[in-house]
Amino acid sequence: MAKTETLSLRPRSPGSIHPMASLRGLLREWLPRQRWFAGKDRPVTDVALLSMTELHPGCLHLLVHAEHAGLPAHSGTPPSGDCYQLLLGVEEQLPPRLSGASVGRAQEGPLAGLAVYDAFHDPRSAGLLLERLRRPGAEGPLRFENDASVAVPPGLAPRLLDAEQSNSSIVYGDTFILKVFRRVQTGVNPDLEVPWALARQGCTRVPAPVAWIRTTCPDATLGVLQPYLHGASDGWALALRALATDGDFTAEAHELGQATAEVHMALATALPTDPRSENGPLAAAMTERLGVAAHCVPALQPYVRGLRTAFDTFATCAADRPVQRIHGDLHLGQVLRADGEWFVIDFEGEPSRPLAERCSPESPVRDVAGMLRSFDYAARTRRPWHPEWAERCREAYCAGYADRAGWDPRAEPQLLRAYETDRAVYEVVYEARHRPDWLPVPMAAIRRLAARGG
Ligand SMILES: Nc1ncnc2c1ncn2[C@@H]1O[C@H](COP(=O)(O)OP(=O)(O)O)[C@@H](O)[C@H]1O
Ligand SMILES: O=P(O)(O)O[C@H]1O[C@H](CO)[C@@H](O[C@H]2O[C@H](CO)[C@@H](O)[C@H](O)[C@H]2O)[C@H](O)[C@H]1O
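Summarised in this report is the structure supplied together with it. The residue numbers shown here count from 1 along each chain, following its written sequence. As they are written, the chains are lettered A onward and the ligands numbered 1 onward, keeping that order. Selection of residues for local features in this predicted model requires a pLDDT of at least 70, selection of side-chain atom pairs for listing and counting requires 80 or more, and totals for whole chains, interfaces and linings are taken over all residues. Computation of side-chain values covers all heavy atoms of the structure but excludes hydrogens and water.

### Quick look at the overall build of the chain
By definition, any uninterrupted DSSP run of H or I lasting at least four residues is a helix, any uninterrupted run of E lasting at least two residues is a strand, and each is numbered from the N terminus. For the chain, the helix and strand inventory stands at twelve helices and 16 strands. Radius of gyration: C-alpha atoms only; globule rule: 2.2 Å multiplied by the number of residues to the exponent 0.38. The C-alpha radius of gyration of the chain comes to 23 Å, within 12% of the 22 Å expected for a compact globule of 454 residues. Along the longest, intermediate and shortest principal axes, the C-alpha atoms of the chain span 65 × 50 × 45 Å. Type-normalised accessible area, obtained with a 1.4 Å probe on protein chains alone, sets the label of each residue: buried when under 20%, exposed when over 50%, and partly exposed for intermediate values. Counting all 454 residues of the chain, 52% fall into the buried class. Working rule for contacts: check all heavy atoms of both residues, and any pair within 4.5 Å makes them a contact. Intrachain contacts of the chain at a sequence separation of at least 6 include 67% that bridge at least 24 residues. Of the roughly 19300 Å² that the chain leaves accessible, carbon and sulfur atoms contribute 54%. Counted charges follow a simple rule, with Lys and Arg positive, Asp and Glu negative, and His plus the chain ends left uncounted. Charged groups are reduced to one reference atom each: NZ for lysine, CZ for arginine, CG for aspartic acid, CD for glutamic acid. Of the side chains in the chain, 49 bear a positive and 54 a negative charge, and the two mean positions are spaced by 3 Å. Throughout, the Shrake-Rupley method with a 1.4 Å probe supplies accessible areas, and for residues the shown protein chains are the sole cover considered.

Listed below in structure tokens is the structure:
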């Protein structure tokens, strides 16, 4: 039986004999290099321990707080930063197959001289995680829970997904997929809450949660196991394939519009809606986000005036449709096609927005705008640029949406323009932070959208 030890949930001081004394320096270097690390634009000043649980000998589950500079330590104000989930393996020698997962060799403290690695890459640790989910229970602050009506067989072979992700996902025997949230925020993660509510609603467009991991300190969701759609292709790969072969994507885009509307209708039934009376507060939030974005990415500054007109016009429009729970970060990479049907995944929302904001009701047009921006992204990967390809997909997608929803997003152009602008602004910040080579893609949209207001 694995030894489980839960250590103090309070940050430890450097120099103590706690394993964190060995890990703090390594993590300060390693965390900012990870794709899923959110604070790449600010140096990490410290890594504080929130909880540590030994899941099995040599495998530590950690919640750490990466702190960023900005506030003096003695000010009494909590340091800024984010909480991250880690699974670390500790070995005398790192097996060559895990060399890509190395965090480093500990130089000090009780682990001095030992190799530390990201154990989500280790099939043994990944396999043990699934075993824990098959047998619900507690381990320190961790809770392993499942839907008892779904049988998960033992011994499914794990493989860590090699995808550009905001989190980390492990596929088990091509049957289930476990997504472990890397940045952890207090509360129920919408990627558990929303698919669960949709499953209860009978919506089959979204894989239903089968098991999940939570922590009680702080209360937060750490991971969700879902059925794996074997043989599925994501919408992004399919769109690029179509573009490369001059293939038409309008039939798929039309069906995708229908699928989006079905998910929206199920969400409006499964979770609370709100009869919005005015657009002013939403427009003000968009304007504020634009200001913050232009501060972070100065290339946006010449376009602020033109872009603002989209939000100003939106503020004066009638708010005649209730707001509801939506996907929140809908794009071609969030939809999977399997057996000729579209499925929607990843209901976390835009990763950089606070959890409360991501869970609050919004206009479904935000999702429509996200997908329309995605057609533009796909069209821009091709030289020469094919704007008419994106335009055809856009028309087909909206027509498909209108077919099912009974209202056409194109009938509300001011709303659509405001949400497309807000989304393009988000994308500029996202790309500047995570993939600077992609920045020209949303910047091209920014120029086009700003000119419409010029
Ligand atoms: N149920 C599923 N079946 C098949 N593949 C999946 C499933 N869920 C996710 N994936 C694959 O995992 C990738 C990452 O999943 P996603 O939930 O978008 O993670 P992240 O939030 O980290 O970006 C997806 O692009 C898709 O290829
Ligand atoms: O990691 P997530 O899938 O939750 O979403 C984040 O990363 C996406 C990129 O991987 C990013 O999407 C942007 O690039 C896509 C092409 O790679 C494009 O289809 C999307 O339209 C565009 O927004 C997404 O914004 C971000 O939240």
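Having seen it, we continue.
### Thoughts on the environment of glutamine 324
Along the polypeptide, glutamine 324 turns up in the loop between α7 (304-316) and β15 (335-338). Along the primary structure glutamine 324 and aspartate 274 are separated by 50 residues, whereas in three dimensions their C-alpha atoms are 6.3 Å apart. If sequence neighbours within four positions are ignored, glutamine 324 has contacts with His264, Leu267, Ala268, Pro272, Thr273, Pro361, Glu362 and Pro364.

### A few points about the site of ligand 2
In this text, near means that some heavy atom of the residue lies within 4 Å of the molecule or strand in question. Near ligand 2 lie 16 residues; those nearest to it are Ser166, Ser374, Tyr426, Glu427 and Tyr430. Within the side chain of aspartate 329, one N or O atom sits 2.9 Å away from an oxygen atom of ligand 2. Here a polar contact is taken to be a pair of N or O atoms separated by no more than 3.5 Å, where protein atoms must pair a possible hydrogen donor with a possible acceptor and residues adjacent in sequence count only if both atoms sit in side chains. Taking histidine 331, its side chain carries an N or O atom lying 3.2 Å from an oxygen atom of ligand 2. In isolation ligand 2 offers 540 Å² of accessible surface; the protein chains occlude 93% of this area. Of all the elements in the fold, those that place two or more residues in the shell around ligand 2 are α9 (365-380) and α11 (413-434). When residues in the shell around ligand 2 are grouped by element, the largest group, five residues, is from α11. Residues belonging to the shell around ligand 2 are distributed by class as follows: five nonpolar, four polar and seven charged. Here the nonpolar group is Ala, Val, Leu, Ile, Met, Phe, Trp, Tyr, Cys and Pro; Asp, Glu, Lys and Arg are the charged ones; every other residue, Gly included, is treated as polar.

### Some thoughts on the site of ligand 1
Close to ligand 1 lie 16 residues, the nearest being Gln165, Asn167, Lys179, Leu229 and Asp346. A distance of 3.1 Å separates an oxygen atom of ligand 1 from a polar atom in the backbone of serine 166. Within the contact set of ligand 1, a nitrogen atom lies 3.0 Å away from a backbone nitrogen or oxygen of proline 227. Starting from 560 Å² of accessible surface for ligand 1 in isolation, the protein chains cover 87%.

### Digging into the packing of helix α3 (residues 190-200) against helix α5 (residues 250-270)
Angles here are taken between N-to-C directions and fall from 0 to 180 degrees, while the axes themselves are lines fitted to C-alpha atoms, restricted in helices to the stretch in contact. Running from N to C, α3 and α5 cross one another at 90°; their axes reach a closest spacing of 9 Å. When the axis of α3 is compared with that of α5, the two are roughly perpendicular. Residues Val194, Ala197 and Leu198 of α3 form the contact with α5, whose participating residues are Val263, Ala266, Leu267 and Ala270. For the contact of α3 with α5, a count of residues per class yields seven nonpolar, no polar and no charged. Should an angle fall under 35 degrees it is called roughly parallel, over 145 degrees roughly antiparallel, and 65 to 115 degrees roughly perpendicular, with every other angle called oblique.

### As for α11
Multiplying 1.5 Å by the helix residue count minus one yields the expected span of that helix. In this model, α11 (22 residues) spans 31 Å end to end at C-alpha, consistent with the 32 Å of a helix rising 1.5 Å per residue. When you tally the buried positions in α11, you get 17 out of 22 residues, the bulk of the element.

### Quick word on the side chain of serine 22
Looking at the secondary structure, you find serine 22 in helix α1 (residues 20-30). Serine 22 sits in the buried class, given a relative accessible area of 3%. Only 2.7 Å separates the side chain of serine 22 from the backbone oxygen of glutamate 108, close enough to count as a polar contact. A polar contact of 2.9 Å, which involves the side chain of serine 22, links it to the backbone nitrogen of leucine 111. In this structure serine 22 touches Ala106, Glu108, Gly109, Pro110, Leu111 and Ala112, once residues within four positions along its chain are discounted.

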